[in-house]
Amino acid sequence: MQRGLFFDIQVPLPAFRLAVRAEVSPGVTAVVGPSGSGKTTLLRALAGLTVPADGIIQLNGRVLFSAKEGIHLPPERRRVGYVPQQYALFPRLRVIDNVMYGLKARGVPRRERRRRAMAMLERMGIAHLADRRPAQLSGGEAQRVALARALVVEPDVLLLDEPLSALDPETRRQLRSFLRTVLADAGCPVVCVTHDREDVATLADAVLVLKQGRVVAAGSPKDVMEKA
Ligand SMILES: Nc1ncnc2c1ncn2[C@@H]1O[C@H](COP(=O)(O)OP(=O)(O)OP(=O)(O)O)[C@@H](O)[C@H]1O
């Protein structure tokens, strides 16, 4: 079975058509590009939240989407962890319930959901926040909760949309180094949208550059960023 993520998809957008093809190997692939180039749309399509007009998405040899075969697995059946921009935590749910949420959709019994969610909060260093609501969290804490919620389902791929952009510079620095460790431990490929060169330099093993919905450059961070 082929490991990693492969996609070749087309999504029509008002101003252009997103048409991207790439193979994502284990490690962190940064997706960079100007505002409005289709980065978030790509992540949403991989997560199953946007349906491409055409193409295919395969994860570890499993078909998540195939226009030709009429396959479109819903998000909860993809084994994909998605951390959207601004994290999208459920405001009314406590931290622990936010983290347990994805396990429910996957049919994990309640006691086991709680156990796994607490273990993940401990791993993220935020077990003491389990009973708080999202409004009672700092930006850095909310980001850790969002990561915990994405990772608790043991995804086959992790999708991060501008994971550090909402944070102040000091918190961003701290979380970047924390994120580096978490991503190395996650053991799955990571696709990370960012506009921050520092993120690319410290986190990424590979880079894809999108422009107007097309991949205009791809390669190692050093090669790609030197030319950018
Ligand atoms: N649901 C939607 N309906 C209509 N247009 C959309 C929708 N989502 C995105 N677009 C448009 O598609 C284009 C790509 O948007 P997208 O959010 O994917 O870009 P991006 O590269 O993530 O941008 P940014 O860096 O600003 O977050 C933009 O022109 C945007 O206005």
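This is a predicted model, so every value here is computed, not measured. (Residues numbered from 1 in each chain as written. Predicted model: local features only at pLDDT ≥ 70, side-chain atom pairs only at ≥ 80, totals over all residues.)

**Q** How do you make sense of the overall build of the protein when you look at a structure like this?
**A** Counting its secondary structure elements, the protein contains seven helices and eleven strands. Radius of gyration (C-alpha) of the protein: 17 Å, near the 17 Å computed for a compact globule of 228 residues. Its C-alpha atoms give the protein principal-axis dimensions of about 45 × 40 × 35 Å. Taken across its 228 residues, the protein has 40% of its residues classed as buried. Nonlocal contacts in the protein, meaning residues at least 24 apart in sequence, comprise 66% of its contacts between residues at least 6 apart. (Helix = DSSP H or I, 4+ residues; strand = E, 2+ residues; numbered from the N terminus. Rg over C-alpha atoms; globule rule 2.2 N^0.38 Å. Buried ≥ 20, exposed ≤ 12 C-beta atoms within 10 Å, placed from the backbone. Contact = placed C-beta atoms within 7 Å.)

**Q** Before we go on, may I ask you to explain the packing of helix α4 (residues 139–151) against helix α5 (residues 169–186) in this structure?
**A** Two quantities define a packed helix pair, namely the angle between the helix axes and the distance between the axes. In contact at an axis separation of 11 Å, α4 and α5 are set at 15° when each is read in the N-to-C sense. Comparing their axes, α5 and α4 come out roughly parallel. Crossing of α4 against α5: the hand is right-handed. Contacts from G139, G140, Q143, L147 and L151 of α4 reach α5 at T171, Q174, L175, V182 and A186. Here the residues of the contact of α4 with α5 sort into five nonpolar, five polar and no charged. (Axes fitted to C-alpha atoms, helices over the stretch in contact; angles between N-to-C directions. Parallel < 35°, antiparallel > 145°, perpendicular 65-115°, else oblique. Left-handed = near helix turned anticlockwise from the far one by under 90°. Nonpolar A, V, L, I, M, F, W, Y, C, P; charged D, E, K, R; others polar.)

Geometric descriptors of this kind do not, in isolation, establish any biological role.
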